[in-house]
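A structural walkthrough
Spelled out from the first residue to the last, the chains are:
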Amino acid sequence: MPLTLYQASIPVFIRGFTNLSAVLEKAKAHAEANKVDLATYVNARLAPDMYPLSGQVQGASDAAKFGAARLAAITPPSFADTETTFEELQARIAKTVDFLKTVDEAQINARADGTVTLKIRGKEMTFDCEPYLLNFVLPNLFFHLTTAYAILRNQGVPLGKMDYLGSF
């Protein structure tokens with residue numbers, strides 16, 4: 001049985017956010033045990049020109065919600081990028097997952113042969129839906145999920161590969 005566009009998107013997105021939420025919980029516990037201000041983690045970044053942890057969570061959220069909405073040809077929710085605490089980051093993750101759970105499987109699969117057009121830096125780009133998911137949305141999502149993990153790991157949070165991958 002072939003893999004559907006829905007199977008390659010929504011469940012993968014939700015799993016990524018489930019694991020990110022668990023990573024944030026582990027980071028929070030580590031901060032409390034070591035008397036680290038959580039704001040240190042929220043504002044931490046790997047390089048001066050990269051988004052901090054908060055921006056990585058926001059970027060992952062945007063990649064998933066915009067990707068899902070474009071695949072389903074629906075309007076995505078609008079979230080202000082104002083999260084400054086772990087609680088707000090967890091709420092952003094929860095809102096993203098809640099939206100993803102509303103995206104209709106049949107609606108995405110019906111667009112398997114469709115196209116997605118978006119503007120990037122003022123330039124219009126058109127993708128077939130499958131390459132859009134596989135070559136644009138998923139790499140973008142995993143970039144932000146991985147960078148969030150790396151920021152926390154760089155801050156001394158004892159995370160391992162299985163924290164990123166989650167349980168099976």
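Bear in mind the structure is a predicted one, so any value in this text is a computation, not a measurement.

**Quick notes on the packing of aromatic side chains**
For the structure on display, the rule yields five aromatic pairs. Taken together, a centroid distance of 5.8 Å and an interplanar angle of 75 degrees make the contact between Tyr 149 and Tyr 164 edge-to-face. Separated by 15 residues along the polypeptide, Tyr 149 in helix α6 (residues 129-154) and Tyr 164 in helix α7 (residues 161-165) bring together distant segments of the chain. Given the relative accessible area of 16%, Tyr 149 is considered buried. A relative accessible area of 23% places Tyr 164 in the partly exposed class. Ring-pair connections join several aromatic residues into one group, and the members of that group are Phe 127, Tyr 132 and Phe 136. Taking NZ or CZ as reference, Lys 65 lies 4.3 Å from the ring centre of Phe 66, over its face.

**Side note on the pairing of strand β1 (residues 115-120)**
The side chains of a regular strand alternate between both faces of the sheet. When β1 meets strand β2 (residues 123-128), the two strands line up antiparallel, connected through six bridges. Within β2, the position partnered with Ile 120 by the bridge is Lys 123. Where β1 hands over to β2, the hairpin turn is made up of two residues, of which Arg 121 adopts a positive phi near 50 degrees.

**Description of the nonpolar core**
Counting 49 residues, the largest nonpolar core has Phe 13, Leu 53 and Leu 152 as its most contacted members. Where this core is concerned, the elements lending two or more residues are α1 (10-33), α2 (38-42), α3 (53-72), α4 (86-100), β1 and α6. The element best represented in this core is α6, accounting for eleven residues. Look past the residues within four positions of Leu 53 in its chain and what remains in contact with it is Leu 24, Tyr 41, Val 42, Ala 44, Phe 86, Leu 89, Ala 148, Ile 151 and Leu 152.

**Describing the environment of Asn 19**
In this fold, Asn 19 is placed in helix α1. For the pair Asn 19 and Pro 77, spaced 58 residues apart in sequence, the C-alpha to C-alpha distance is 22 Å. Residues in contact with Asn 19, not counting those within four places in the same chain, are Asp 163, Tyr 164, Leu 165 and Gly 166. A distance of 2.8 Å separates the side chain of Asn 19 from the backbone oxygen of Leu 165, its partner in a polar contact.

**Description of the pattern of salt bridges**
Under the definition given, this model contains six salt bridges. The residue Glu 87 makes a salt bridge to Lys 28 at a minimum N-O spacing of 3.4 Å. Residue Glu 87 is found in helix α4, and its partner Lys 28 is found in helix α1; the two are separated by 59 residues along the sequence. Of the charged contacts in the structure, one is a salt bridge between Asp 62 and Arg 92, with a shortest N-O distance of 2.9 Å. You can see Asp 62 sitting in helix α3 and its partner Arg 92 sitting in helix α4, a full 30 residues away along the chain. Several salt bridges converge on common partners, so that one network encompasses Asp 62, Lys 65, Asp 81, Glu 83 and Arg 92.

**So, unusual backbone geometry**
Of note, the phi angle at Lys 35 is positive, near 55 degrees, even though the residue is not glycine. For Lys 35, the position within the fold is in the loop between α1 and α2. Taking relative accessible area as the criterion, Lys 35 reaches 77% and is therefore assigned exposed. Backbone geometry places Arg 121, a non-glycine residue, at a positive phi of 50 degrees. If you trace the backbone, Arg 121 turns up in the loop between β1 and β2.

Calculation notes
Residues numbered from 1 in each chain as written. Predicted model: local features only at pLDDT ≥ 70, side-chain atom pairs only at ≥ 80, totals over all residues. Heavy atoms only, no water. Phe/Tyr/Trp six-rings, centres within 6.5 Å; stacked < 30°, edge-to-face > 60°. Helix = DSSP H or I, 4+ residues; strand = E, 2+ residues; numbered from the N terminus. Buried < 20%, exposed > 50% of the residue type's maximum accessible area, 1.4 Å probe, protein only. Lys NZ or Arg CZ within 6 Å of the ring centre and 35° of its normal. Pairing = 2+ DSSP bridges. Core = buried A, V, L, I, M, F, W, Y, C linked by side-chain atoms within 4.5 Å. Contact = heavy atoms within 4.5 Å. Polar contact = N/O pair within 3.5 Å; in protein donor to acceptor, adjacent residues only side chain to side chain. Salt bridge = Lys/Arg side-chain N within 4 Å of Asp/Glu carboxyl O.

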